[in-house]
Amino acid sequence: MTSSKYTYLVFGATGRTGRHFVSIALNEGHKVTALVRNPEKVDTKNSDLKLIKGSVLDYQDFDKLLSGVDFVICMLGDAELQKTENVNAIFVEKLIPAMRRNGIRRLLYQAGGFTRPYKKSLPLMFWLLKQTLVRFAGLIGQHRDNEAVVKYLVEEAADIEWMVHRAGIAGDGNSKGTLRRSKTKFSIATFADCARYNYELLKDDSAIHSCDLSYYVK
Ligand SMILES: NC(=O)c1ccc[n+]([C@@H]2O[C@H](COP(=O)([O-])OP(=O)(O)OC[C@H]3O[C@@H](n4cnc5c(N)ncnc54)[C@H](OP(=O)(O)O)[C@@H]3O)[C@@H](O)[C@H]2O)c1
């Protein structure tokens, strides 16, 4: 894609990755529309930022939300609810038909490094950590939900230019460098670096239909 000014529709704009993504997109001169449960959590004041109050659990007016949008990005998480329900998958299954109706083709979904790619196993060390640390942290459900999203995208949304970032994140510290896409290499990144990576990935045609990890280039 050529360099231009775009409108990004952001889900999860008040989250730890999402808030960095919104700042990056606005600083780069783009417009951002965000569906947020709590607009008061957003302290950015910018005429290019449009906040729409609502929840992905029951939002109905997708066509209004998607009007004029170039890219859609989901950095959503509700770990408690995801323990029992695939809420993100249910949401994405409503979002994709709405994207089709509105002629919007590109979606980035942020999952995690412990999210299994479609019909693949995790490497043994990842699997062991998932069964121990991730389970202990109460995040197994979040990855199950992310895996349901990936399954839906692969099986039902081949016409959409989706990309999944299986992020590894810990901490909101300063930048540790630049992340690159990889099927095997993995780094524990900062939220800000993940957001920057997401921003670049969305413009990268070679990432279409990928479900990759990210790592810091030396
Ligand atoms: N955190 C990590 O260490 C980590 C590591 C690797 C991968 N990931 C993946 O990255 C994704 C995002 O993680 P994150 O840590 O950046 O997010 P986060 O800080 O947990 O924030 C989640 C975002 O989702 C929003 N949200 C949740 N339920 C919603 C609903 N019903 N309607 C509208 N918005 C809703 C939250 O809004 P509110 O502000 O209203 O709650 C918040 O903006 C997840 O898929 C996660 O698996 C996270």
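Residues numbered from 1 in each chain as written. Predicted model: local features only at pLDDT ≥ 70, side-chain atom pairs only at ≥ 80, totals over all residues.

Student: I'd like a rundown of the overall build of the chain, residues and numbers included.
Tutor: Regarding its fold elements, the chain presents seven helices and eight strands. Over its C-alpha trace the chain gives a radius of gyration of 16 Å, about what one expects of a compact globule, namely 17 Å for 218 residues. Across the 218 residues in the chain, those meeting the buried criterion constitute 38%. A sequence separation of at least 24 residues applies to 71% of the contacts in the chain between residues at least 6 apart. (Helix = DSSP H or I, 4+ residues; strand = E, 2+ residues; numbered from the N terminus. Rg over C-alpha atoms; globule rule 2.2 N^0.38 Å. Buried ≥ 20, exposed ≤ 12 C-beta atoms within 10 Å, placed from the backbone. Contact = placed C-beta atoms within 7 Å.)

Student: Talk me through the UniProt feature "domain: NAD(P)-binding" (unreviewed entry) in the chain; I want residue IDs and the actual numbers.
Tutor: Mapped onto this numbering, the UniProt entry gives "domain: NAD(P)-binding" (unreviewed entry) at residues 12–179. From the first C-alpha to the last, residues 12–179 spans 21 Å; its make-up is 38% helix and 18% strand. (UniProt positions renumbered as here; feature names shortened; annotations may be inferred.)

Student: Please give an account of the packing of helix α4 (residues 87–101) against helix α6 (residues 140–156) that cites residues and values.
Tutor: α6 packs onto α4 with a crossing angle of 25° between their chain directions and a minimal axis gap of 7 Å. Between α4 and α6, the interaxial angle falls into the category roughly parallel. On the side of α4, the interface is formed by Val 87, Asn 88, Ala 89, Val 92 and Glu 93, while α6 contributes Asp 145, Asn 146, Ala 148, Val 149 and Tyr 152. Grouping the constituent residues of the contact of α4 with α6 by class yields six nonpolar, two polar and two charged. (Axes fitted to C-alpha atoms, helices over the stretch in contact; angles between N-to-C directions. Parallel < 35°, antiparallel > 145°, perpendicular 65-115°, else oblique. Nonpolar A, V, L, I, M, F, W, Y, C, P; charged D, E, K, R; others polar.)

Student: I'd love a proper account of the nonpolar core, names of residues and values included.
Tutor: Within the largest apolar cluster, 54 residues are counted, with the highest numbers of intra-cluster contacts made by Val 10, Ala 34, Val 72, Ile 73, Tyr 109 and Cys 194. In this view, Val 72 contacts Leu 9, Met 99, Ile 104, Arg 106 and Leu 107; residues no more than four positions away in its chain are not counted. (Core = buried A, V, L, I, M, F, W, Y, C linked by C-beta atoms within 7 Å.)

Student: So, the packing of helix α1 (residues 18–27) against helix α7 (residues 191–201): which residues are in play, and what are the values?
Tutor: The geometry of α1 relative to α7 is characterised by a closest axis approach of 8 Å and an angle of 50° between their N-to-C directions. As far as their axial angle goes, α7 and α1 are oblique. For the crossing formed where α1 meets α7, the hand is right-handed. Here α1 contributes His 20, Phe 21, Ile 24 and Ala 25 to the contact with α7, which in turn contributes Phe 191, Ala 192, Ala 195, Arg 196, Asn 198 and Tyr 199. (Left-handed = near helix turned anticlockwise from the far one by under 90°.)

Student: Any chance you could break down unusual backbone geometry for me, citing the residues and the numbers?
Tutor: Phi at Lys 119 takes a positive value of approximately 55°, unusual for a residue other than glycine. By the element assignment, Lys 119 lies in the loop between β5 (106–112) and α5 (124–136). In the Ramachandran plot, His 209 falls in the positive-phi region, its phi being about 65° despite a non-glycine side chain. Along the chain, His 209 turns up in the loop between α7 and β8 (211–216). With 13 C-beta atoms counted inside 10 Å, the residue His 209 sits in the partly exposed group.

Student: Can you explain the site of the ligand? Please cite residues and give values.
Tutor: Taken together, the neighbourhood of the ligand is formed by 27 residues, with Thr 14, Gly 15, Arg 16, Thr 17 and Gly 112 sitting nearest. The element that contributes the greatest number of residues to the shell around the ligand is β5, accounting for three residues. When grouped by side-chain class, the residues that make up the shell around the ligand number 10 nonpolar, 13 polar and four charged. (Near = placed C-beta within 6 Å.)

Student: Describe α7, naming the residues involved and giving the relevant values.
Tutor: Residue pairs spaced three or four apart in an α-helix point in one direction, given the helix's 3.6 residues per turn. The buried fraction of α7 is high, at eight of 11 residues. The inward-facing, buried residues of α7 abut α1, β4 (71–74), β5, β6 (161–167), β7 (179–182) and β8.

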